[in-house]
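# A look at the structure
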Amino acid sequence: MADPMDEGSAPRKEIYTYTAPWTVYSLAWSRRQDIRSQFRLAIGSYVEQYSNGVQIIEKQHRSADDDDGLTSLYKTGEFDHPYPCTKILWSPAVNGRDLLATTGDYLRVWSVQEGMNPKKECLLNNNKTSEYCAPLTSFDWNETDHNIVGTSSIDTTCTIWDIEAQKAKTQLIAHDREVFDIAFARGKDVFASVGADGSVRMFDLRSLEHSTIIYESPNLDALLRLEWNKQDPNYLATFMVDSRRTIILDIRVPSIPVAELGGHMGCVNAAAWAPHSSCHICTVGDDNQALIWDLSSMSKRPVEDPILAYNAAGEINNLHWSAARPDWVSIAFHDKLQILRV
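Everything numeric here is computed off the predicted structure, so don't read it as measured data.

Let's shift gears to the pairing of strand β27 (residues 328-333). By the criterion of burial, β27 is predominantly enclosed, with six of the six residues buried. Burial of the side chains of β27 extends over both faces: Trp328, Ser330 and Ala332 are buried on one face and Val329, Ile331 and Phe333 on the other. With five bridges joining them, strand β26 (residues 316-321) and β27 adopt antiparallel strand pairing. In the sheet register, histidine 320 faces β27, and the bridge partner there is serine 330. Two successive antiparallel strands, β26 and β27, enclose a turn made up of six residues.

Let us now look at the packing of aromatic side chains. In total, this model carries eight aromatic pairs according to the counting rule given. Centroid distance phenylalanine 39 to tryptophan 328: 4.9 Å. Interplanar angle 65 degrees. Geometry classified as edge-to-face. Residue phenylalanine 39 is found in strand β3 (residues 39-45), and its partner tryptophan 328 is found in strand β27; the two are separated by 289 residues along the sequence. Here the two residues phenylalanine 39 and tryptophan 328 agree in accessibility, since each one is buried. Summarising the aromatic geometry, the rings of phenylalanine 191 and phenylalanine 203 are spaced 5.1 Å apart at their centres and angled 15 degrees between planes, so their arrangement reads as stacked. Taken as a pair, phenylalanine 191 in strand β15 (residues 190-195) and phenylalanine 203 in strand β16 (residues 199-204) lie far apart in primary sequence, twelve residues in all. Here phenylalanine 191 matches phenylalanine 203 in class, with each residue buried. These aromatic residues form a ring-pair network of at least three members: Tyr16, Trp29, Phe39 and Trp328. Taking the ring centre of tyrosine 16 as reference, the NZ or CZ of lysine 59 above it sits at 4.7 Å.

This part covers the sheet that holds β3. One open sheet holds the four strands; their spatial order is β2-β3-β4-β5, and the pairing between them is antiparallel. Pairing within the sheet leaves two strands with one partner each, and these edge strands are β2 (24-29) and β5 (73-82). Averaged over neighbouring strand pairs, the angle between their axes works out to 20 degrees when direction is ignored. Bridge analysis of β3 against strand β4 (residues 51-59) gives six bridges, and the strand direction is antiparallel. Bridge pairing in β4 places phenylalanine 39 opposite lysine 59.

What follows deals with the UniProt feature "repeat: WD" (unreviewed entry) in the chain. Mapped onto this structure's residue numbering, the UniProt feature "repeat: WD" (unreviewed entry) falls at residues 172-213 and 261-303. End C-alpha atoms of residues 261-303 are separated by 7 Å, and the span's content is 0% helix alongside 44% strand.

Of all hydrophobic cores here, the largest spans 18 residues; its most connected members are Cys282, Val284, Leu319, Trp321 and Ile331. For this core, the secondary structure elements donating two or more residues are β22 (268-273), β23 (280-285), β24 (289-294), β25 (308-311), β26 and β27. Ignoring sequence-local partners within four residues, the contact set of valine 284 consists of His264, Cys267, Val268, Asn269, Ala270, Gln289, Ala290, Ile316, Asn318, Leu319 and Ile331. With 16 residues, the next largest nonpolar core counts Tyr16, Trp29, Leu41 and Leu337 among its residues.

What counts, and at which threshold
- Residues numbered from 1 in each chain as written.
- Predicted model: local features only at pLDDT ≥ 70, side-chain atom pairs only at ≥ 80, totals over all residues.
- Heavy atoms only, no water.
- Buried < 20%, exposed > 50% of the residue type's maximum accessible area, 1.4 Å probe, protein only.
- Helix = DSSP H or I, 4+ residues; strand = E, 2+ residues; numbered from the N terminus.
- Pairing = 2+ DSSP bridges.
- Phe/Tyr/Trp six-rings, centres within 6.5 Å; stacked < 30°, edge-to-face > 60°.
- Lys NZ or Arg CZ within 6 Å of the ring centre and 35° of its normal.
- Axes fitted to C-alpha atoms, helices over the stretch in contact; angles between N-to-C directions.
- UniProt positions renumbered as here; feature names shortened; annotations may be inferred.
- Core = buried A, V, L, I, M, F, W, Y, C linked by side-chain atoms within 4.5 Å.
- Contact = heavy atoms within 4.5 Å.

As structure tokens, this is what we get:
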């Protein structure tokens, strides 16, 4: 894949692959750059049973004989996880402890240290009256206040957590049906969510008694994921369940998508904005493709074709664009983690 930000350049093609002992679903890049390895990622299993797992994967700095990329990624830690992780994220903090969070039945926070398996720091549960917990579908880590995490649940709620105090700051009924994803905007207070009721709703922690519906899908089909553009917080990306199209929204012009991205021949499974560019986004799907789009002209004309396409060896379940090293994207398909230089 060439550099989408400079189509005239032709860096050496770099693709690295790691094979896990199970189907890979969740994945995330660490923000840290003070570790000995070149990269650090976490991947989570998708096994339809209680016992699942998470592995820490690293890549050493390139050596002179490292040409094929086949042995560069290696496991440096692992831990058991109840049920598959619906999402994994590393703390946005680049100093102090390297923390990792996961959702599934509960929100868990883990500490990762060099040469050691991750240690569970806390398990957060806001239901004090019952052993039953409504599964958590997703979460997001606030990039301004690293002590705040927001989770979404099938019980129609979103919960805002204080990680240091290990308790919920607030919980609100966010949708009429299951909530499938939550994402913070740039800044501390504003977040949005999507769910089975087909709506995108925006909230402000300073006035939670009000919310704004900024989009509803045409037939109120469920919206599965939500990605907020961190370089230009006016823009959001979402997509419907079993849809081949990614919807780009401008919160200043609610209800009407500013762009719809086709290109996939199978349903879209994930999307990620470039962390360093306001107009580039990557989408992946069941058609084995990872597509990178340039949206810089979307206000003038429809965005019809991606600027880059990569074909994987299987249906791509998920992706994550590295914020610390923005020329790298990771994808998951079958039992593979693959990292691609874009």
